[in-house]
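Summary of the model geometry
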Amino acid sequence: MGFIETLNKFGDKIPVQKTDLYERIEEVKYFIETKGLKVKIKNEFDLFQYEIIYKGLLTQNRIENTYEMFLAQHYDLLDYLNYDEKRKMFNNDIQPILKEFPHFYDEKSETEIYVPYLEPFVNKRYTSDYQLLMLKQHKDYVKNYKIKIDTPVQLYGADIYRTDFSSLQNVYEDERHLCFYFDPLKIIYIYKKEDGQLLNHVMIKDKASQGFVDIEDVRKIAYYIETYLYQECLEFMKEKNLICEKTYKKVLKKYK
């Protein structure tokens, strides 16, 4: 049995249902389901993906509502403005919104992404030329666009987990892997950088632990694991009271 598997055997398995993120997603699931997604949380990975979709929905709805307000406030003026003038006026209105909500830059498309379950060209329409979305073919495209739980990751890769759309914290990366940490479960998740595939997870506290988890300690644990310094990792976790003496000896014995 490998080091990670042995360590996880003694880890404190915290139920997903006891996390604040679970409660939040349960509270807003009706909102998420307006996009045709049936919210069913089987594990933490469902949570991570629903969170991204939920935050994107907030931005999308805010922009749409702002446009409705824009039309209502300027209805007597719009007939006298050309297309470009209307676009500039509305773009000025949504600038504060775009600063307020999470987003990231997608290098491949050279686009700022504010609605991560939509393709880059649709994001451009939402943020720089919303009037296009009022045309029937564009409106129908967005309306009929099928969103799946993993659509954001399929579009933008595991890198999306290190943006403000996600509660995961990026604690380590190299040319091979990305490591993310979710504090409510006290787990580090290791993803393959090339294709976003989940490779493993590491539980950093045992059931007897009373130690406080500092994010810098998590970064060090991730570094030890990714550089195969398992003995140092075990010693460090014991020093930080993340594992007790009993767990330390059992892992050391089984791993060795």
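All of the points below concern the structure found in this document. On a predicted model such as this, the values are computed, not experimentally measured, just so you know.

What follows deals with the packing of aromatic side chains. All chains considered together, the criterion is met by 24 aromatic pairs. Between F31 and Y54 the ring centres are 6.0 Å apart and the planes differ by 85 degrees, which places this aromatic pair in the edge-to-face class. Taken together, the residues span a long stretch of sequence, with F31 in helix α3 (residues 29-32) and Y54 in helix α4 (residues 44-73) at a distance of 23 residues. Taking 5.3 Å as the distance between ring centres and 75 degrees as the angle between the ring planes, the aromatic pair formed by F45 and Y189 counts as edge-to-face. Here F45, found in helix α4, pairs with Y189, found in strand β5 (residues 187-192); they are 144 residues apart in sequence, far enough to count as distant. Judged by its relative accessible area of 24%, F45 is partly exposed. Given a relative accessible area of 0%, Y189 falls into the buried group. An aromatic cluster of three or more residues is present, and its members are Y67, F70, F90, Y126 and Y130. One Lys or Arg, K238, reaches over the ring of Y248 and ends 4.1 Å from the middle of that ring.

The next thing to look at is the packing of α4 against helix α6 (residues 83-100). At a closest axis distance of 10 Å, the pairing of α4 and α6 adopts a crossing angle of 140 degrees. Classified by the angle their axes make, α4 and α6 are oblique. The element α4 and its partner α6 pack so that their crossing is right-handed. For the pair α4 and α6, the contacting residues are R62, I63, T66, Y67 and F70 in the first and K86, M89, F90, D93, I94, I97, L98 and E100 in the second. Of the residues contributing to the contact of α4 with α6, the split by class is eight nonpolar, one polar and four charged.

This part covers the pairing of strand β3 (residues 169-173). Bridge analysis of β3 against strand β4 (residues 177-182) gives four bridges, and the strand direction is antiparallel. Its bridge partner lying in β4, Y172 is registered against C179. Counted between consecutive antiparallel strands, the loop separating β3 from β4 contains three residues.

Now for the nonpolar core. Here is a general trend for soluble globular proteins: nonpolar side chains tend to be buried in one another's company. Counting 55 residues, the largest nonpolar core has I32 and Y161 as the members making the most contacts within it. When contributions to this core are tallied by element, the ones reaching two or more residues are α2 (20-27), α3, α4, α6, α7 (120-128), α9 (151-156), β4 and β5. When residues in this core are grouped by element, the largest group, 10 residues, is from α4. Those residues in contact with Y161, other than ones at most four positions away along the chain, are F48, Q49, I52, V153, S166, L168, F180 and Y191. Residues L7, I225, F236 and L252 belong to the second largest nonpolar core, which totals 28 residues.

Tracing the backbone through its elements, the reader meets T127 in helix α7. Among the residues examined, T127 registers a relative accessible area of 15% and is labelled buried. In this structure the side chain of T127 is engaged in a polar contact, spanning 2.9 Å, whose partner is the backbone oxygen of N123. Filtering out sequence-adjacent residues up to four positions away, T127 remains in contact with N91, I94, L98 and Y114.

Calculation rules
Residues numbered from 1 in each chain as written. Predicted model: local features only at pLDDT ≥ 70, side-chain atom pairs only at ≥ 80, totals over all residues. Heavy atoms only, no water. Phe/Tyr/Trp six-rings, centres within 6.5 Å; stacked < 30°, edge-to-face > 60°. Helix = DSSP H or I, 4+ residues; strand = E, 2+ residues; numbered from the N terminus. Buried < 20%, exposed > 50% of the residue type's maximum accessible area, 1.4 Å probe, protein only. Lys NZ or Arg CZ within 6 Å of the ring centre and 35° of its normal. Axes fitted to C-alpha atoms, helices over the stretch in contact; angles between N-to-C directions. Parallel < 35°, antiparallel > 145°, perpendicular 65-115°, else oblique. Left-handed = near helix turned anticlockwise from the far one by under 90°. Contact = heavy atoms within 4.5 Å. Nonpolar A, V, L, I, M, F, W, Y, C, P; charged D, E, K, R; others polar. Pairing = 2+ DSSP bridges. Core = buried A, V, L, I, M, F, W, Y, C linked by side-chain atoms within 4.5 Å. Polar contact = N/O pair within 3.5 Å; in protein donor to acceptor, adjacent residues only side chain to side chain.

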